[in-house]
Amino acid sequence: MPMDEYEKLDKIGEGTYGKVYKARCKRSGQIVALKKTRLEMEEEGVPSTALREVSLLQMLSESVFVVRLLNVEHVEENGKAMLYLVFEYLDTDLKRFMDLTGRGPSFPLPKSSVQNFMYQLLKGVTHIHRHGVMHRDLKPQNLLVDKQKNLLKIADLGLGRAFTVPVKSYTHEIVTLWYRAPEVLLGSTHYSTPVDMWSVGCIFAEMVRKQPLFPGDSELQQLLHIFKLLGTPNESVWPGVTKQRDWHEFPQWKPQGLAKAIPELDPNGIDLLEKMLVYDPAKRIHASQALEHPYFNTLDKSQFDKFEKASAFDKENATVRN
């Protein structure tokens, strides 16, 4: 399907990998998000890395909790090879959704909404981790919300490289500071899925408090925010921490206790958050374990099965239409 089948409506963003447009499919009238990425061409055509990313995205978007990749278009523009990724379009993200009800702690989200969105986020994260992918840049701006269906979807998986094969060490200039795991802040180059669980914990706290938990504006300040609240880590709580590349002699703070810092959250919620914000990545809770946590006992989980069934039905019909 050539690109002239899409009418660009407006530019909605500039991603790490290129421009993002809101567009309309002329044939179906469907509103979509177009991500335009320039390809560094190889002799034999489209680079294998781009093809790998795309097939990975297609596989990951089989979950209703991940933004769906509908189509991929490979085009030439001014003699340059471009790849257009066609995604389903959602008009708001979690950050904007939280702001709708007013900014700051005086305007809390309903407890049921926090619980509901957390469960969906963990479903999405479980799905991508199961496929051997970490997101590495989870933040409220990368979680899109379908307000009609009250559905939350993970977006911007462009940085999720498969970690099942040994890859050269990751650069650590990636995750937005506020949601960045301490091992990345301390210069670790070999990290894995627990970095996403730290981010999920920060997002959880932010949904509850309506303000970021660790709003640092430099890597050092980010670490100090974390250490002041959770206590300065040492070898007994996190073996190997003092051998990290960017470890220094930090001020010695005692843990403040999350329950004191986030009084709005019930004891089950605090317990789950504590398990996500564990210093030692090896001891941090996995997304699949978090789904089983008592914090979700009062949640009606049957609604998510309905989403997943409806999504599978849509996908079958979409395949038939194409």
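Residues numbered from 1 in each chain as written. Predicted model: local features only at pLDDT ≥ 70, side-chain atom pairs only at ≥ 80, totals over all residues. Heavy atoms only, no water.

## Some details on the overall build of the chain
Moving on, step 1. Across its full length, the chain carries ten helices and eight strands.
Moving on, step 2. Across the 322 residues that make up the chain, the buried fraction comes to 51%.
Moving on, step 3. Once local pairs closer than 6 in sequence are excluded, the contacts in the chain between residues at least 24 apart make up 64%.
Moving on, step 4. Summed over its atoms, the accessible surface of the chain is roughly 16,000 Å², and 53% of this surface lies on carbon and sulfur atoms. (Helix = DSSP H or I, 4+ residues; strand = E, 2+ residues; numbered from the N terminus. Buried < 20%, exposed > 50% of the residue type's maximum accessible area, 1.4 Å probe, protein only. Contact = heavy atoms within 4.5 Å. Areas by Shrake-Rupley, 256 points an atom, 1.4 Å probe, with all protein chains shown as cover.)

## Some points on unusual backbone geometry
Moving on, step 1. One non-glycine residue, R136, lies in the positive phi region at around 75 degrees.
Moving on, step 2. Examined against the element boundaries, R136 turns out to sit in the loop between α3 (111-130) and β7 (143-146).
Moving on, step 3. Phi is positive for K210, close to 65 degrees, though the residue is something other than glycine.
Moving on, step 4. With respect to the helices and strands, K210 occurs in the loop between α5 (194-209) and α6 (219-230).
Moving on, step 5. Residue K210 is classed as buried on the basis of its relative accessible area of 8%.

## Observations concerning the sheet that holds strand β8 (residues 151-154)
Moving on, step 1. With antiparallel pairing, the three strands of this open sheet are ordered in space as β6-β7-β8. Edge positions in the sheet fall to β6 (92-93) and β8, since each of these pairs with one other strand and no more.
Moving on, step 2. Looking at chain direction, β7 and β8 are connected through four bridges and run antiparallel. When the sheet's bridge partners are listed, L143 is paired in β8 with I154.
Moving on, step 3. On the sheet, α3 packs against β7 and β8 and is oriented at approximately 35 degrees with respect to β8. (Pairing = 2+ DSSP bridges. Axes fitted to C-alpha atoms, helices over the stretch in contact; angles between N-to-C directions.)

## Quick notes on the packing of aromatic side chains
Moving on, step 1. Using the criterion set out here, one finds 15 aromatic pairs in the structure.
Moving on, step 2. Summarising the aromatic geometry, the rings of Y295 and F296 are spaced 5.0 Å apart at their centres and angled 70 degrees between planes, so their arrangement reads as edge-to-face.
Moving on, step 3. Across from the ring centre of Y21, 4.3 Å away, lies the NZ or CZ of K8, which sits over that ring. (Phe/Tyr/Trp six-rings, centres within 6.5 Å; stacked < 30°, edge-to-face > 60°. Lys NZ or Arg CZ within 6 Å of the ring centre and 35° of its normal.)

## With respect to helix α8 (residues 267-276)
Moving on, step 1. Listed as buried for α8 are G269, I270, L272, L273 and M276. Take α8 and look down its axis: the buried residues cluster within an arc of 165 degrees, on one side only.
Moving on, step 2. On its buried face, α8 is in contact with α3, α5, α7 (258-261) and α9 (287-290).
Moving on, step 3. Its side-chain oxygen placed 3.0 Å from the backbone nitrogen of N268, D266 serves as the N-cap of α8. (Arc of directions from axis to C-beta. Polar contact = N/O pair within 3.5 Å; in protein donor to acceptor, adjacent residues only side chain to side chain.)

## Focus on the side chain of S61
Moving on, step 1. Here S61 is to be found in the loop between α1 (48-60) and β4 (69-77).
Moving on, step 2. Residue classification places S61 among the buried positions, given a relative accessible area of 3%.
Moving on, step 3. A polar atom in the side chain of S61 sits 3.2 Å from the backbone nitrogen of L69.
Moving on, step 4. Contact partners of S61, with chain neighbours within four places excluded, come to V66, V67, R68 and L69.

## Observations regarding the nonpolar core
Moving on, step 1. Counting 66 residues, the largest nonpolar core has M118, L122, F204 and M276 as the members making the most contacts within it.
Moving on, step 2. The biggest single contributor to this core is α5, with ten residues.
Moving on, step 3. The contact partners of M118, leaving out residues within four places of it in the chain, are V200, F204, M207, M276 and F296.
Moving on, step 4. Core analysis: the next-biggest nonpolar cluster, separate from the first, contains 18 residues, L69, V133, L144 and A155 among them. (Core = buried A, V, L, I, M, F, W, Y, C linked by side-chain atoms within 4.5 Å.)

## Considering the UniProt feature "binding site: ATP" (unreviewed entry) in the chain
Moving on, step 1. Under the local residue numbering, the UniProt record ascribes the feature "binding site: ATP" (unreviewed entry) to K35.
Moving on, step 2. Examined against the element boundaries, K35 turns out to sit in strand β3 (residues 31-38). (UniProt positions renumbered as here; feature names shortened; annotations may be inferred.)

## A few points about the pattern of salt bridges
Pairing is possible between side chains that carry opposite charge, provided their charged atoms lie close to one another.
Moving on, step 1. Applying the stated rule across the entire model yields 14 salt bridges.
Moving on, step 2. The salt bridge involving R96 is made with D93; its shortest N-O contact spans 3.9 Å.
Moving on, step 3. A relative accessible area of 8% means that D93 is categorised as buried.
Moving on, step 4. With a shortest N-O distance of 3.1 Å, D280 and K283 are connected by a salt bridge.
Moving on, step 5. A relative accessible area of 10% means that D280 is categorised as buried. (Salt bridge = Lys/Arg side-chain N within 4 Å of Asp/Glu carboxyl O.)

## Let's talk about the pairing of β4
Moving on, step 1. In this sheet, strand β5 (residues 80-88) lies alongside β4 in antiparallel orientation, the contact comprising eight bridges. Across the sheet, V75 pairs through a bridge with M82, a residue of β5.
Moving on, step 2. Counted between consecutive antiparallel strands, the loop separating β4 from β5 contains two residues, among which N78 sits at a positive phi close to 50 degrees.

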